[in-house]
Amino acid sequence: MGQPIRPAHSRQGEKLLQRLLKGNALLVLMLGLPVFAGIAGTVLPAFGYLPALGGFQFTLAHFEELARQPHMLRSILAGLSAGLITTSAAVAIVATFVAGFAGTRIFARVQHLVSPLLAIPHAAAAFALAFLIAPSGFLLRLISPEMTGFMRPPDWLLPNDPLALSMVAGLITKEVPFLFLVTLAALPQLPVRSSGQLTEALGYGRLCGFLISLWPALYRQIRLPVFAVLVYSLSVVDVAMILGPQLPATLPVRIIEWAADQGLSPRFLASAGALLHLAVVLAAMAIWIVLERLGRSALAVLTYSGRRFPNDAALRIASALAMAACAALIFMGLALLAVWSVAGLWQFPDAVPANLTSRIWLRTLPQIWEPLRMTVALGLSASSLALLCTILLLHRNGSAGRNMKATGYKLLYLPLIVPEISFVFGLQILIVSAGLTPAFPSVMAVHFLFVLPYVLLSLSAPWRELDPRFEKIAAGFGKSASEILLTVRLPLLFRACLTALAVGFSVSVGLYLPTLLIGAGRLTTITTEAVALSSGGDRRVIGVYALIQALLPFLAFLVASLAPQLLFRNRRAMRM
């Protein structure tokens, strides 16, 4: 019997479906669809349309109510200025340090010092900084009463200062390591050594020579991560609740407060606020683009002026100290968290506690078990699923014969560039409208959305750099593509896969807003509990929660480092 003749539109539909399921198109579906659905879920309630909550007509009343909220402009400006200052400072510190020390021993040492900071959750880093700079914090205890005369904590509004300076400091200490590691990934594509030798021969200082010859090309490669830093700094909630201003709070924090209200009207107000926040983020991006053009013009003026600035030692030393200070503050703060978790009586201005006790740990551990179990389950599930999808995507692009296109990599930043409060809040409304109850699968799915970009970015470079001759030899023995993947490529990339898994687990552990909104308070993690304790909780209990939150990523990276050593102890090359 002959094959039935299918209509032309059916064949075109199949081709379209196959095209959509190919590599980058599948990435668009996994990352883009939830983001745009979440934004739609925010826009409609903002204009009053949400049948599940009794909104059947489009109206601007909720925006009018939003405009009547007290100190709204101040909340917006505090977040906007904090985001722009944080991004500018982080870019300036990283650019100056890379320009001044790339290829030197100091560069390698600072790289090893700063890299572990990326795994520390933002909330834990914020608690560490708060315990240092508070009026009763460790820094003031070190110099009191001898240098200050204080016998009791001064009445200073730190942290939570109205200018958001402590929040900016906390964000800078976390964003500098992120931008630095992104820059490290881009540097091998630039002729750093030859360009440095050429500019030095022409009489330029290291900073000026780097800015003129390499910075434009380098910035083009890290531009999207810079925008991700800008958006995150504007939208952050957990750091703002720990270190940011309170009266009034920043706009994202106020949106969370409205969303947590038991009434229905604040839900519409929160949607309008989320849409306003999206507009603020777009305005911040526009300001940043203007700053980029001003910087480009200034660099052109510097280039054509012929000035070489050979004496730049002071600026280079300042950048190295700034990089080291980011690491020192966080590590010192984490050590302080550990001390507070076992501190007995510790009165101001004593620099050390009068005695140490395990009473807080024994009292807290039974309560912490359930959030800890949920944190580990979410982290392992989301990161494992993200690793599986990453392997399939990279294998699909590899079997097609080519690496992922540049546009595919740009899509990775979509959940990071769109403010999370603007689409996660919409996803929450869509889930509620669909009649679904907050549960582990929905929270895990949103965690997966944020984890996948980091896992894909972590594994893509080792995947590309693997020597293709191993697979060619296996293909010569008649192995199929799936057999080569399972028996050759994945064992050789076992360490890289574990590292990507640890990166994804760390990202999941630090997620606060997606867990809070999608879980609706019914699913609690170490991060949500720690942030909840920030408003007046016992420092000893906060120390226990924050320390466990910081230790979880460390344990994940420890397993990723030791497992290849144990499994491949008889194969030296496989341990690397």
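Residues numbered from 1 in each chain as written. Predicted model: local features only at pLDDT ≥ 70, side-chain atom pairs only at ≥ 80, totals over all residues. Heavy atoms only, no water.

(A) A look at the environment of Leu-140. Structurally, Leu-140 is set in helix H7 (residues 138–143). Judged by relative accessible area, which is 8%, Leu-140 ranks as buried. Spatially, the C-alpha atoms of Leu-140 and Pro-154 are 9.6 Å apart, while their sequence positions differ by 14 residues. Residue contacts for Leu-140: discarding those within four places in its chain leaves Pro-135, Thr-148, Phe-150, Pro-154, Trp-156 and Phe-348. (Helix = DSSP H or I, 4+ residues; strand = E, 2+ residues; numbered from the N terminus. Buried < 20%, exposed > 50% of the residue type's maximum accessible area, 1.4 Å probe, protein only. Contact = heavy atoms within 4.5 Å.)

(B) Structural detail: the side chain of Thr-96. Turning to its location among the elements, Thr-96 is positioned in helix H4 (residues 72–101). Among the polar contacts made by the side chain of Thr-96, one reaches the main-chain carbonyl oxygen of Ala-92 at a distance of 2.6 Å. (Polar contact = N/O pair within 3.5 Å; in protein donor to acceptor, adjacent residues only side chain to side chain.)

(C) Quick look at the pattern of salt bridges. On inspection of all chains with the given rule, the structure shows six salt bridges. As a salt-bridge pair, Glu-292 and Arg-223 come within 2.8 Å of each other at their nearest N and O atoms. Of this pair, Glu-292 sits in helix H14 (residues 265–305) while Arg-223 sits in helix H11 (residues 215–235), and the two are 69 residues apart along the sequence. Classification of Arg-223 as partly exposed rests on a relative accessible area of 33%. Between Asp-538 and Arg-540 there is a salt bridge whose closest N-O contact spans 3.8 Å. By relative accessible area, Arg-540 is classed as buried at 16%. (Salt bridge = Lys/Arg side-chain N within 4 Å of Asp/Glu carboxyl O.)

(D) Structural context of unusual backbone geometry. Residue Pro-145 is bonded to the preceding Ser-144 through a cis peptide linkage, with omega at 0 degrees. Following the sequence through the fold, Pro-145 ends up in the loop between H7 and helix H8 (165–186). Its identity is not glycine, yet Ala-164 carries a phi of approximately 65 degrees, on the positive side. Counting through the fold element by element, Ala-164 comes out in the loop between H7 and H8. With relative accessibility at 0%, the residue Ala-164 sits in the buried group. The backbone phi angle of Phe-309 is positive, close to 45 degrees, even though this residue is not glycine. Tracing the backbone shows Phe-309 in the loop between H14 and helix H15 (313–341). Overall, the relative accessible area of 39% leaves Phe-309 in the partly exposed class.

(E) Molecular detail of the packing of helix H13 (residues 251–259) against H14. At a minimum axis separation of 8 Å, H13 and H14 run at an interaxial angle of 160 degrees. Overall, the two elements H13 and H14 adopt an arrangement that is roughly antiparallel. As for how H13 packs across H14, the hand of that crossing is left-handed. Facing H13, whose interface residues are Leu-251, Pro-252, Ile-255, Trp-258 and Ala-259, H14 presents Pro-266, Arg-267, Leu-269, Ala-270, Gly-273, Ala-274, Leu-276 and His-277. In terms of residue class, the contact of H13 with H14 is made up of ten nonpolar, two polar and one charged. (Axes fitted to C-alpha atoms, helices over the stretch in contact; angles between N-to-C directions. Parallel < 35°, antiparallel > 145°, perpendicular 65-115°, else oblique. Left-handed = near helix turned anticlockwise from the far one by under 90°. Nonpolar A, V, L, I, M, F, W, Y, C, P; charged D, E, K, R; others polar.)

(F) Representation of the packing of aromatic side chains in the model. Here the structure, examined in full by the defined rule, presents eleven aromatic pairs. Residues Phe-97 and Phe-107 carry aromatic rings whose centres are separated by 5.5 Å and whose planes lie at 10 degrees to one another, so their mutual orientation is stacked. Note that Phe-97 is positioned in helix H4 and Phe-107 in helix H5 (residues 105–114), a separation of ten residues in sequence. Its relative accessible area of 0% is what places Phe-97 among the buried residues. Overall, the relative accessible area of 7% leaves Phe-107 in the buried class. Just above the ring of Phe-101 sits the side chain of Arg-316; from NZ or CZ to the centre is 5.8 Å. Positioned above the aromatic ring of Trp-463, the side-chain terminus of Arg-489 is 4.6 Å from the ring centre. (Phe/Tyr/Trp six-rings, centres within 6.5 Å; stacked < 30°, edge-to-face > 60°. Lys NZ or Arg CZ within 6 Å of the ring centre and 35° of its normal.)

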